[in-house]
Amino acid sequence: MNPLNPLRAGLDDERLAPPCAIVIFGASGDLTRRKLVPALYHLQISRMLAPGSAIVGFARKSATDAEFREEQREATMQHARSKPVDPESWSTFESSLFYVQGAFDDASGFERLKSQLERIDATHGTRGNRLFYLATPPEFFGPISRMLASAGLIGDPTDSASFTRVIVEKPFGHDLESSRVLDRALHEVLHESQIYRIDHYLGKEAVQNLLAFRFGNAIFEPLWRRENIDHVQITVAEEIGIEGRGKFYEGAGATRDIIQNHLFQLLMLVAMEPPSAFDADSVRDEKVKVLRALRPMARERISELTARGQYGRGTLGGAPLTAYREEPDVNPDSRTETFAAMRIDIDNWRWQGVPFYIRTGKRLTRRVSEVAVRFKAIPVALFGRSQAETAPNELVLRIQPDEGITLRVAAKQPGSRMLLRDVNMDFRYGTTWGRTSADAYERLILDALLGDATLFARNDEVDESWRYITPILEYWQEMPAPGFPNYSSGTWGPAAAEALVERDGRRWRRP
Ligand SMILES: NC(=O)c1ccc[n+]([C@@H]2O[C@H](COP(=O)([O-])OP(=O)(O)OC[C@H]3O[C@@H](n4cnc5c(N)ncnc54)[C@H](OP(=O)(O)O)[C@@H]3O)[C@@H](O)[C@H]2O)c1
């Protein structure tokens, strides 16, 4: 049992964050309303925020504390994971919500913030601990950090009495050069140990379970290599389109939005070597080695090893859907890809010759994120024709929805003859644990408060992922888009994606 708080009896598998003032920049935005404040509320009601923690919203518009609290109450009622929101719990929570008005280039706003934080230290006992959450467009990450430093709000990273940490949102740059510029701007005033680059995929239980599954069991790791695995498929498919975010998506596209960050995080966790310890640097050291071992895609092979697409009109469940180019704020001749697939090769001893096929897209047949590991076929078919109807073993790690793991094996069908069929061995999070998982933002904010950076991206990971992706994006930019739109909404993507795997004698899964 946690000795600090007797109310935590029975919750001793959980962790308690130290008292801290959490400042959200971009507090009038969508992320704050939909994710951050509901996550903080849940951390508070789960008794994982220390009593005395305070949350300060910082944004341009003028508002009082009372107005900010009301706005966030309405948003939390709508977006909280467990509903209804209990009025008494909310009222306790909102007494620690404050608002400071200011623009990111206005020193007086940062002075007001400083005074507010000093008051909070005195009244709440937050002891100078600060977590700054930059929920703003990335062009403000550098300016906000500089303003914080000028106002004397960035503490010494070696100070053991209090901490300053900064969470930065994605996108972290839009290519290698811009991500390096952004990184230099942050490092002007912050030490790497103070920077927490969030990728909400890493906050998902099923993603962390990839590590537990691989390194907490004796039976899988010996199989997890080129001798036994034919190939790996990683899919992040969305059913939705761009949902009114045309302005953002036109400058991003599927590769920047999903592959460079979420999908590469999955790739690293699947392919990494066992770390020497489960701590931030040991885990991230092994992850980044995977990216360093990626075989750079030779320019003349990019069109053969990648496929891009853009959705046209279509139907889903009988309902008509518009084309990407018909969406608001989208150029009617847009070349932005809403689908991307690639074959990736990892040049190391474990994975030489094992292709990783990755794909992501919008307006696909269904929403699903999964890693499918396809094992090699058996060397000799003992059971004749019926065996030919079974497929090689496949292990599917489902990230969302229906989080879980399925292992496909061949088994004897009951009866007098030796007939084999594929059967599934299934593990489902929902039914096994009987409780809903915390939202990824809850887990990640708590980790940042506790100073655990294991599930945050380090600068070398981000740099390596852009180093791989940028030449592909540049090549695509130079080449004409291949007859966009080239897939109908509600399908599994363009024919070029099928050709990408069929060329190697393989097929995409239909999850
Ligand atoms: N929303 C999501 O689900 C989500 C998911 C993953 C990552 N992200 C990332 O999180 C960040 C925030 O996203 P969001 O959806 O919350 O964006 P948003 O709704 O557009 O909010 C952006 C916030 O930044 C403020 N802002 C913008 N320009 C400003 C300026 N010149 N000076 C002062 N404040 C300024 C806005 O204030 P005003 O209200 O005054 O304009 C608002 O508070 C982005 O980097 C986004 O890519 C968002």
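Scroll up to find the structure.
In what follows, the accompanying structure is described. None of these values were measured; they are calculated from a predicted model.

Parameters and conventions
- Residues numbered from 1 in each chain as written.
- Predicted model: local features only at pLDDT ≥ 70, side-chain atom pairs only at ≥ 80, totals over all residues.
- Buried ≥ 20, exposed ≤ 12 C-beta atoms within 10 Å, placed from the backbone.
- Helix = DSSP H or I, 4+ residues; strand = E, 2+ residues; numbered from the N terminus.
- Arc of directions from axis to C-beta.
- Contact = placed C-beta atoms within 7 Å.
- Core = buried A, V, L, I, M, F, W, Y, C linked by C-beta atoms within 7 Å.
- Domains from an automatic or database assignment.
- Pairing = 2+ DSSP bridges.
- Axes fitted to C-alpha atoms, helices over the stretch in contact; angles between N-to-C directions.
- Parallel < 35°, antiparallel > 145°, perpendicular 65-115°, else oblique.
- Left-handed = near helix turned anticlockwise from the far one by under 90°.
- Right-handed = clockwise from strand over helix to strand, strands pointing away.
- Nonpolar A, V, L, I, M, F, W, Y, C, P; charged D, E, K, R; others polar.
- Near = placed C-beta within 6 Å.

Before going further, it helps to examine helix H7 (residues 205-215). Looking only at H7, the buried set comprises Ala206, Val207 and Leu210. In a view along the axis of H7, the buried residues occupy a sector of 110°, so they form one face of it. Buried residues in H7 make contact with helix H9 (254-271), strand S14 (394-400) and helix H13 (429-433).

Before going further, it helps to examine the nonpolar core. Ranked by size, the top nonpolar core spans 127 residues in total, and within it Val23, Ile24, Leu40, Tyr133, Leu134, Leu267 and Ile358 carry the most contacts. Considering every element that reaches this core, the biggest residue donor is H9, with ten residues. Both domains that meet at this core, namely domain 1 (6-169) and domain 2 (202-438 + 457-502), each give it at least three residues. Residue contacts for leucine 267: discarding those within four places in its chain leaves Ile234, Val290, Phe356 and Ile358.

So, about the pairing of strand S7 (residues 229-237). The two faces of the sheet receive side chains in turn, since in a regular strand these alternate between them. In terms of burial, S7 is largely enclosed, as seven of its nine residues are buried. Bridging between S7 and strand S13 (residues 368-375) involves eight bridges; their strand directions are antiparallel. What sits directly across from alanine 237, in S13, is valine 368. For S7 and strand S12 (residues 356-361), the ladder comprises six bridges, and the chain directions are parallel. Its bridge partner being in S12, valine 232 is matched across the sheet by phenylalanine 356.

Okay, the packing of helix H6 (residues 176-189) against helix H15 (residues 459-478) next. Taken N-terminus to C-terminus, the directions of H6 and H15 make an angle of 160°; their axes are 8 Å apart at the nearest point. Taken together, the axes of H6 and H15 are roughly antiparallel relative to one another. Between H6 and H15 lies a crossing whose hand is left-handed. Counting all contacts with H6, which are made through Leu176, Ser179, Arg180 and Asp183, the residues of H15 involved are Asn459, Val462, Asp463, Trp466, Arg467 and Thr470.

Most of strand S1 (residues 21-25) is tucked away: five of the five residues are buried. Neither face of S1 is exposed, since Ala21, Val23 and Phe25 on one face and Ile22 and Ile24 on the opposite face are all buried. By the bridge criterion, five bridges tie S1 to strand S4 (residues 130-134) in an arrangement that is parallel. Among the inter-strand pairings, alanine 21 is bridged to a residue of S4, identified as arginine 130. Direction of pairing for S1 relative to strand S2 (residues 54-59): parallel, over a ladder of five bridges. Within S2, the position partnered with valine 23 by the bridge is valine 56. Viewed along the sheet, the connection from S1 through helix H1 (residues 30-45) into S2 turns out right-handed.

A separate point is the packing of H7 against H9. Running from N to C, H7 and H9 cross one another at 20°; their axes reach a closest spacing of 9 Å. If you check the angle between H7 and H9, you find them roughly parallel. By crossing handedness, the relation of H7 to H9 is classed as left-handed. On the side of H7, the interface is formed by Val207, Leu210 and Leu211, while H9 contributes Leu266, Leu269 and Val270. Class assignment of the residues belonging to the contact of H7 with H9 gives a composition of six nonpolar, no polar and no charged.

Moving on: the site of the ligand. As a matter of local geometry, the ligand sits amid 19 residues, with Gly26, Ser28, Gly29, Leu31 and Arg60 nearest to it. Looking at the shell around the ligand element by element, the count peaks at three residues for H1. Looking at the shell around the ligand, its residues break down into nine nonpolar, four polar and six charged.

Moving on, we come to the sheet that holds S2. As summarised here, the arrangement of the six strands in space is S3-S2-S1-S4-S5-S6, forming an open sheet in which the pairing is parallel. At either margin of the open sheet sits one strand with a lone partner, and together these are strand S3 (97-101) and strand S6 (195-197). Sheet twist, expressed as the average angle between the axes of neighbouring strands with direction ignored, equals 20°. Direction of pairing for S2 relative to S3: parallel, over a ladder of five bridges. Residue pairing for S3: glycine 57 is matched across the bridge by tyrosine 99. Running at roughly 120° to S3, helix H2 (residues 65-79) makes contact with S2 and S3 of the sheet.

Think of an α-helix as turning once every 3.6 residues; residues three or four places apart then point the same way. Within helix H14 (residues 440-450), ten of the eleven residues are buried, which leaves it mostly tucked inside the rest of the structure. For H14, the set of buried residues is Ala440, Tyr441, Glu442, Arg443, Leu444, Ile445, Leu446, Asp447, Ala448 and Leu449. Buried residues belonging to H14 abut H1, S4, strand S5 (164-168) and S6. Just downstream of H14 lies glycine 451, where phi reads positive at about 75°.

This part is about the sheet that holds strand S17 (residues 487-489). Strands sit in the order S10-S9-S17 across an open sheet of three strands; the sheet is mixed. Each edge of the sheet is formed by a strand with only one pairing partner; in this case those strands are strand S10 (319-321) and S17. Within this sheet the neighbouring strands show an average axis-to-axis angle of 25°, counted without direction. Pairing of strand S9 (residues 311-316) with S17 involves three bridges; the strand directions are parallel.

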